[in-house]
Amino acid sequence: METWQILEYVAWGVSALLGLYMVIDWMKVDSSYSEDVLTSSREGELEAMTEEQHR
Amino acid sequence: MADIDITSQTMDGMGPHGTKVGLLRVLGPAHVWALGVGIVLVGEYMGWNFAVGKGGAYAALIACWFAGILYTCVAMIDSEVTSTVAAAGGQYTQAKHIVGPLMAFNVGLYLVFAYTMLEAANAITAGYLISVVAGMTGYAGELDQRPFIILVIMFLAWLNYRGVLATLTFNLVITAIAFLAILVLFLSTSGILGGGIMQHTALFEGHEMPYGWIGVLAAMHFGLWYYLGIEGTTQAAEEVRSPARALPFGTLAGIMTLLIAATLTWYVCSGVLPWEFLGDGVNGSVAPLFDTARLSGSNGLIWLLGFGTLFATLASANGCINDASRAWFAMGRDKYLPGWFGAVHPRYRTPYRSIIFLVPIALIFALGAPLDQVITFSILSGLLEYTFMPLNIIMFRRKWPLNSIKRGYEHPFHPLPAVTLLALCALTFFAVFLGYGTQLVAMIGFYIVVSLWFHFWRYRFVNRGAQFTMPWPKPQGY
């Protein structure tokens, strides 16, 4: 088997591993934290904090 | 809340509105530069040369400079608005605050489509480049490009998933190498260092403007390719340590870098490659800078520009994943899309669901759609976005005049940049219509349909008042 054919298989394998890593981590995070925490981000926090400090 | 330290690593992005997990503020101006230039620089390595095919080498140069003016206006306007509306989503968030929800929804979609299509196009290109390397190393068989295309998307998505600092530091390194490669090629082939190989006079003679001024107009379509994506710097707004400083600095340094890179690219390539070959990006010169290096006869330059081409492609795909996911995330956070997409990873502090969701979409386009159609859809979405910008800045200045709100940067000569940008966008729409009229009409039809869907259905779910959490004064006239 030529080097490039091996590299093709390596690319398939590494892609699958990376995809699996993301999916497993996603499932773990979603089951470990509440939806309220995960989606609590709001824009303008830095600006609001600066305003509070200067008040 | 008076004892909050806004530079704190543990409190970054978490504050008075009740944010428990927010995006991490860790980026500096160099990362902003790397994001903007990284997305664009692949356009110098390939793609811009279609402008030569449309109207000859001089037409490509005129298009390069006119598009340069267009994008300088974009960079100036973006720097002012984003240093004030410093939130993920970039132009989507600007539109939400300044124009209204329907414009915001459309701009958000322009952003996601432009970046996801560009990501797919870059992955296709990376697969092609790897097959070229296989051929150059003596591989006789037909290389299956699909695993490499998928690997590019999966690896960069994984990098984005794990954290923004590593993602954009990676972009900084590979973008800097790709830019330096262009400088080295220019110095080595123009006669400044060693013997020059430029043949402008001989190559241009009799071919100055092969299709006249209509060719120049047609070249404007691909003239965008020199700079398309610099506006992506705005997506880093919620992750920079100092938005007021880093965003204008990074964006304006980025457009200056690109003006230099674009002009040097045109100079070296048009001085070595005949315009008929240079202008045919399919059967002629696919990667003109690399082809110029090959004609220089220097192995060092061939390797340098080969890596430059691959790095520019990866940097662009990487920046596109970053930007598309931020736009998607911001729309989810405001419930323009399901709120589920507005989640932030508690450890990596990235919009992880948006990153994962866009992976299969990029894969479908990268594996199933033709490259030219993917690129055209990306350009058209970008062009619609640029048309929105002048209207946006005019409304921004009217609703919040200069002294009513603190800006990180105030762009000069207002409204001249806005009017210039609008005029150049109109010119470019005509140029695109000449070459891709059907796609243009189809795409506008698509955005009309999704606008109707948003107006009659989706808008009822939007966080109406709660989406505006910036501590701004009321706009004038309201």
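All figures in this text were calculated on a predicted structure; none of them were measured in a lab.

1. Thoughts on the overall build of chain A
Logical step 1: Tallying secondary structure elements over chain A gives 3 helices and 0 strands in all.
Logical step 2: Ordered by position in the sequence, the α and β elements of chain A form the string α-α-α.

2. A short note on the overall build of chain B
Logical step 1: Tallying secondary structure elements over chain B gives 16 helices and 0 strands in all.
Logical step 2: Expected size for 478 residues packed as a compact globule is a radius of gyration near 23 Å; at 22 Å, chain B falls within 12% of this value.
Logical step 3: Expressed as lengths along the three principal axes of its C-alpha atoms, the size of chain B is roughly 65 × 45 × 40 Å.
Logical step 4: Relative to its full complement of 478 residues, chain B shows a buried share of 58%.
Logical step 5: Considering only contacts within chain B whose residues lie at least 6 apart along the sequence, 81% involve residues at least 24 apart.

3. A word on unusual backbone geometry
Residues and elements named next belong to chain B.
Logical step 1: The residue after His414, namely Pro415, is reached through a cis peptide bond having omega 10°.
Logical step 2: We note that Lys335 has phi near 70°; this positive angle belongs to a residue other than glycine.
Logical step 3: Looking at where Lys335 falls in the secondary structure, it is placed in the loop between helix H13 (299–333) and helix H14 (352–368).
Logical step 4: In this structure, Phe413 takes a positive phi of about 60° despite not being glycine.
Logical step 5: In this structure, Phe413 sits in the loop between helix H15 (371–399) and helix H16 (416–456).

4. Quick word on the packing of H15(B) against H16(B)
Residues and elements named next belong to chain B.
Logical step 1: Contact geometry of H15 with H16 gives a least axis separation of 9 Å together with a crossing angle of 150°. The orientation of H15 relative to H16 falls into the category roughly antiparallel. Helix-helix and strand crossings are classified by hand; for H15 and H16 the assignment is left-handed. Between H15, through Thr376, Phe377, Leu380, Leu383, Tyr386, Thr387, Met389, Pro390, Ile393 and Ile394, and H16, the contact on the second element is made entirely by Ala418, Val419, Leu421, Leu422, Cys425, Thr428, Phe429, Val432, Tyr436, Gln439, Leu440 and Met443.
Logical step 2: In terms of residue class, the contact of H15 with H16 is built from 18 nonpolar, 4 polar and no charged.

5. What about the nonpolar core?
Residues and elements named next belong to chain B.
Logical step 1: Ranked by size, the top nonpolar core spans 173 residues in total, and within it Ala63 and Ile153 carry the most contacts.
Logical step 2: If you tally residues by element for this core, the top one is helix H5 (residues 101–136), at 21 residues.
Logical step 3: When residues no more than four places from it in sequence are discounted, the contact partners of Ile153 are Ala123, Val359, Ala362, Leu363 and Ala366.

6. Comments concerning the confidence of the model for chain B
All names here are of chain B.
Logical step 1: Averaged over chain B, the pLDDT score is 91; the fraction of residues at 70 or greater is 96%.
Logical step 2: Within chain B, H15 has the poorest average pLDDT of any element, 88, and helix H6 (residues 146–162) the best, 98.
Logical step 3: Predicted as a complex, the structure gets a pTM of 0.92 and an ipTM equal to 0.91.

7. Examining H14(B)
Logical step 1: The end-to-end C-alpha distance of H14(B) is 25 Å, a good match for the 24 Å that 17 residues give at a rise of 1.5 Å each.
Logical step 2: Those residues of H14(B) that sit buried are B:Tyr352, B:Arg353, B:Ser354, B:Ile355, B:Leu358, B:Val359, B:Ala362, B:Leu363, B:Phe365 and B:Ala366.
Logical step 3: Tucked inside the fold, the buried residues of H14(B) contact helix H1 (3–32) of chain A together with H5, H6, H13 and H15 of chain B.

8. Focus on the packing of H5(B) against H15(B)
When two helices pack together, you describe them by how their axes are tilted relative to each other and by the distance separating the axes.
Residue and element names in this part refer to chain B.
Logical step 1: Between H5 and H15, the least distance of the axes is 8 Å, while the angle of their chain directions is 150°. Compared by their axis directions, H5 and H15 come out roughly antiparallel. In this structure, H5 meets H15 at a crossing whose hand is left-handed. Across from Met103, Val107, Tyr110, Leu111, Phe113, Ala114, Met117, Leu118, Ala120, Ala121 and Ile124 in H5, the residues of H15 making contact are Leu371, Val374, Ile375, Phe377, Ser378, Ser381, Gly382, Leu384, Glu385 and Phe388.
Logical step 2: Broken down by class, the residue content of the contact of H5 with H15 amounts to 17 nonpolar, 3 polar and 1 charged.

9. What to know about the environment of B:Glu80
Residue and element names in this part refer to chain B.
Logical step 1: Within the secondary structure layout, Glu80 lies in helix H3 (residues 50–82).
Logical step 2: Along the chain, Glu80 and Asn299 lie 219 residues apart, while their C-alpha atoms are 45 Å from each other.
Logical step 3: Non-local contacts of Glu80, meaning those with residues more than four positions away in its chain, are made with Ile393, Arg407, Tyr409, Glu410 and His411.

10. Concerning the environment of B:His414
Logical step 1: Within the fold, B:His414 resides in the loop between H15 and H16.
Logical step 2: Sequence separation of B:His414 and B:Arg397 is 17 residues, and the distance between their C-alpha atoms is 9.0 Å.

11. So, the environment of B:Ala88
Residue and element names in this part refer to chain B.
Logical step 1: Looking at where Ala88 falls in the secondary structure, it is placed in the loop between H3 and helix H4 (91–98).
Logical step 2: As a C-alpha pair, Ala88 and Leu102 span 14 residues in sequence and 18 Å in three-dimensional space.
Logical step 3: Setting aside residues up to four positions removed in sequence, Ala88 forms contacts with Leu23, Gln235, Ala237, Glu238, Arg326, Phe329 and Ala330.

12. Focus: helix H1 (residues 29–40) of chain B
Residue and element names in this part refer to chain B.
Logical step 1: Helix length check: H1, at 12 residues, gives a terminal C-alpha distance of 17 Å against a target of 16 Å (1.5 Å per residue), a fit within 8%.
Logical step 2: Counting buried positions along H1 gives 11 out of 12 residues, so the element sits mostly inside the fold.
Logical step 3: Residues of H1 that are buried: Pro29, His31, Val32, Trp33, Ala34, Leu35, Gly36, Val37, Gly38, Ile39 and Val40.

13. Here's the deal with the confidence of the model for chain A
Logical step 1: This prediction gives chain A a mean pLDDT of 88; 78% of its residues lie at or above 70.
Logical step 2: Here helix H3 (residues 45–54) of chain A stands out as the element of chain A with the lowest mean pLDDT, 62, in contrast to H1(A), whose mean of 97 is the highest.

Parameters at a glance
- Residues numbered from 1 in each chain as written.
- Chains lettered and ligands numbered in written order.
- Predicted model: local features only at pLDDT ≥ 70, side-chain atom pairs only at ≥ 80, totals over all residues.
- Helix = DSSP H or I, 4+ residues; strand = E, 2+ residues; numbered from the N terminus.
- Rg over C-alpha atoms; globule rule 2.2 N^0.38 Å.
- Buried ≥ 20, exposed ≤ 12 C-beta atoms within 10 Å, placed from the backbone.
- Contact = placed C-beta atoms within 7 Å.
- Axes fitted to C-alpha atoms, helices over the stretch in contact; angles between N-to-C directions.
- Parallel < 35°, antiparallel > 145°, perpendicular 65-115°, else oblique.
- Left-handed = near helix turned anticlockwise from the far one by under 90°.
- Nonpolar A, V, L, I, M, F, W, Y, C, P; charged D, E, K, R; others polar.
- Core = buried A, V, L, I, M, F, W, Y, C linked by C-beta atoms within 7 Å.
- pLDDT = per-residue confidence, 0-100.
- Expected span 1.5 Å × (residues − 1).

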